[in-house]
Amino acid sequence: MWGSRLRGTYTHRMSGIDASRVRTRHFAQAKAEGLKISALTSYDALTAAIFDEAGIDLLLVGDSAANVVLGRETTLSVTIEEMITMARSVAEATRRAFVVVDLPFGSYETSAAQAVDTAVRFMKESGVAGVKLEGGVEVAPSIRRIVDAGIPVCAHIGFTPQSEHSLGGPVIQGRGAAAEKLLADALAVQEAGAFAVVIEMTPAAIAAQVTAELNIPVIGIGAGAGTDGQILVWQDAFGLNRGHKARFVRAYATLGEQLVAAARQYHEDVIGGQFPSAAESYEDN
């Protein structure tokens, strides 16, 4: 299969977490030893294998695929079936990284039983190592039920994109009195059994305080340098998205510009008759 071929193509490197296959216990160990955790999104086999080779510890098949893969305005419309297809391709292409998938909007909010059913389906049909769901105190019972079913859960607090309409858009969370709620959410998901928590778009000082209070790793996105790890959407991190760039994004490459230049050169070579050349053509014998 495509994923199997990719697995044979790359020799992955170790990062701060020294493990041939990253497990939940390695995240707990990283927290205890002060090792930083690297995480990126991935939605396909090719990027998953590349990031795995690079030593990324955690790959998230995020519902952000609705934006950066499917071209939709929000994450709300992405379906379980669409997420399973992408999650399976990522899981099959990795050898070391811990692969987590987002439970999409509408697939876990009704009840803890619904959340467990959705999580079980993802584990059976995609082969991921864990699931992620958004929310704090209000979803803690669902996290507990999923964990009790033997499925690792990564929580997500702070700005939660699935709730962007009720939050008033991409607004920084945890400022002022709201810091108490953020800490309460963090403690609730830890008590429920989450192995880690993503904290998004919060003041750096508050995120650092939450990180110090928790026994589980805190992975930040737009939450400053005081967390236990960092995650970015890979198209943002490597310059494939060429529109608005959030303040918390650092572009490590300019793939969008490079791809436009390469596509333009290909176009010119085709219409000008320079491609294919004799070297790229077959002979009779």
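The numbering scheme is per chain: residues are counted from 1 as the chain's sequence reads. Totals for whole chains, interfaces and linings use every residue, but because this is a predicted model, local features are given only for residues with pLDDT of at least 70 and side-chain atom pairs only at 80 or more, for both listing and counting. By convention in this description, side-chain values take in all heavy atoms of the structure and omit both hydrogens and water.

As annotated in an unreviewed UniProt entry, the protein is 3-methyl-2-oxobutanoate hydroxymethyltransferase from Corynebacterium occultum. UniProt positions are given in the numbering used here, feature names are shortened, and annotations may be inferred rather than shown by experiment. If you open the UniProt record of the protein and go to Function (unreviewed entry), you find "Catalyzes the reversible reaction in which hydroxymethyl group from 5,10-methylenetetrahydrofolate is transferred onto alpha-ketoisovalerate to form ketopantoate." On record in UniProt, under Subunit (unreviewed entry), the comment for the protein is "Homodecamer; pentamer of dimers."

1. A short note on the domain arrangement of the protein
Just so you know, the domain bounds were taken from an automatic or database domain assignment. Entries for the protein in the domain assignment read domain 1 (24-253) and domain 2 (255-284). The C-alpha centroid of domain 2 is placed 39 Å from the C-alpha centroid of domain 1. The contact rule is simple, with two residues in contact once any of their heavy atoms fall within 4.5 Å. Between domain 1 and domain 2, the residue contacts involve six residues of the former and five residues of the latter. In this description, buried area is defined as the sum, over both parts, of the accessible area (probe of 1.4 Å) that is lost when the two are combined. The largest contributions to the domain 1 side of the interface with domain 2 come from Leu240, Arg242 and Ala253, which together make up 73% of the buried area. We define a salt bridge as a side-chain nitrogen of Lys or Arg found within 4 Å of a carboxyl oxygen belonging to Asp or Glu. Between the two partners, domain 1 and domain 2, sit zero salt bridges. Any pair of nitrogen or oxygen atoms within 3.5 Å is treated as a polar contact; in protein, a donor-acceptor pairing is required on top of that, and neighbouring residues in sequence qualify only through side-chain atoms on both sides. Linking domain 1 to domain 2 there are two residue pairs in polar contact (both at pLDDT 80 or more).

2. Some thoughts on helix H7 (residues 140-148)
Only protein chains enter the accessibility calculation, which uses a 1.4 Å probe; a residue whose area is less than 20% of its type maximum is buried, one above 50% is exposed, and one in between is partly exposed. Under the scheme used here, helices are H or I runs from DSSP no shorter than 4 residues and strands are E runs no shorter than 2 residues, and both carry numbers assigned from the N terminus. The set of residues buried in H7 consists of Ala140, Ser142, Ile143 and Ile146. Looking straight down H7, one finds its buried side chains confined to an arc of 160°; they lie on one side. For H7, the elements touching its buried residues are helix H6 (112-126), strand S4 (130-134), strand S5 (153-158) and helix H9 (178-192). Directly after H7, the chain includes Gly150, whose backbone phi takes a positive value near 90°. As used here, the arc is the angular range of directions from the helix axis to the C-beta atoms.

3. Observations concerning the packing of helix H3 (residues 45-54) against helix H5 (residues 80-93)
The geometry of H3 relative to H5 is characterised by a closest axis approach of 8 Å and an angle of 35° between their N-to-C directions. The chirality of how H3 crosses H5 is right-handed. Contacts between H3 and H5 involve Ala45, Ala48 and Ala49 from the former and Ser89, Val90 and Ala93 from the latter. Under the grouping applied here, Gly and all other residues not named as nonpolar or charged are polar, the nonpolar ones being Ala, Val, Leu, Ile, Met, Phe, Trp, Tyr, Cys and Pro and the charged ones Asp, Glu, Lys and Arg. A breakdown of the residues in the contact of H3 with H5 according to their chemical character gives five nonpolar, one polar and no charged. Only the stretch in contact is used when a helix axis is fitted, and all axes are lines through C-alpha atoms; the angle between N-to-C directions ranges over 0 to 180 degrees. Crossing handedness follows the turn of the near helix against the far one: under a right angle anticlockwise gives a left-handed crossing, and clockwise gives a right-handed one.

4. With respect to the sheet that holds strand S6 (residues 196-200)
Here we have eight strands rolled up into a closed barrel, ordered S1-S2-S3-S4-S5-S6-S7-S8, and parallel in their pairing. Put simply, the sheet's adjacent strands are angled 25° from each other on average, direction ignored. When DSSP locates at least two bridges between a pair of strands, those strands are taken to pair. Bridge analysis of strand S1 (residues 37-41) against strand S2 (residues 58-61) gives three bridges, and the strand direction is parallel. Among the inter-strand pairings, Thr41 is bridged to a residue of S2, identified as Leu60. Each of S5 and S6 touches H9; the most contacted strand, S5, lies at about 175° to it.

5. Here's the deal with the UniProt feature "binding site: Mg(2+)" (unreviewed entry) in the protein
Those residues carrying the UniProt feature "binding site: Mg(2+)" (unreviewed entry) are Asp63, Asp102 and Glu134 in this numbering. Taken together, the annotated residues stretch across 72 residues yet fold into one region, lying no more than 10.9 Å apart by C-alpha. Tracing the chain through its elements places Asp63 in the loop between S2 and helix H4 (65-68). Setting aside residues no more than four positions away along its own chain, Asp63 makes contact with Thr75, Val78, Met83, Asp102, Glu134 and Gln162.

6. Description of the nonpolar core
Judged by nonpolar contacts, the single largest core of 81 residues is most densely connected at Leu58, Val131, Ile143 and Ile146. When residues of this core are assigned to their parent elements, the largest contribution, eight residues, is made by H5. Setting aside anything within four residues of it in sequence, one finds Ile146 in contact with Leu103, Ala115, Val116, Ala119, Val131, Leu133, Ile151 and Val153. To qualify as a nonpolar core, a set must consist of buried Ala, Val, Leu, Ile, Met, Phe, Trp, Tyr and Cys residues joined through side-chain atoms within 4.5 Å.

7. Concerning the environment of Phe275
Turning to its location among the elements, Phe275 is positioned in the segment after helix H12 (255-271). Distance in space between the C-alpha atoms of Phe275 and Pro104 is 44 Å, their sequence separation being 171 residues.

8. Looking at the UniProt feature "binding site: 3-methyl-2-oxobutanoate" (unreviewed entry) in the protein
Mapped onto the present numbering, the UniProt feature "binding site: 3-methyl-2-oxobutanoate" (unreviewed entry) falls at Asp63, Ser64, Asp102 and Lys132. The named residues occupy 70 residues along the chain; their greatest pairwise C-alpha distance, 12.5 Å, places them in one compact cluster. Tracing the backbone shows Ser64 in the loop between S2 and H4. Ignoring anything within four residues of it in the chain, the contact list for Ser64 reads Thr41, Tyr43, Thr75 and Val233. Within the secondary structure, Asp102 sits in strand S3 (residues 98-102). A relative accessible area of 3% places Asp102 in the buried class.

9. Considerations on unusual backbone geometry
With an omega dihedral of 0°, the bond running from Phe275 to Pro276 counts as a cis peptide bond. Summarising the element assignment, Pro276 is placed in the segment after H12. You will see that Met201, though not glycine, has its phi angle at about 50°, which is positive. The topology assignment puts Met201 in the loop between S6 and helix H10 (204-213).

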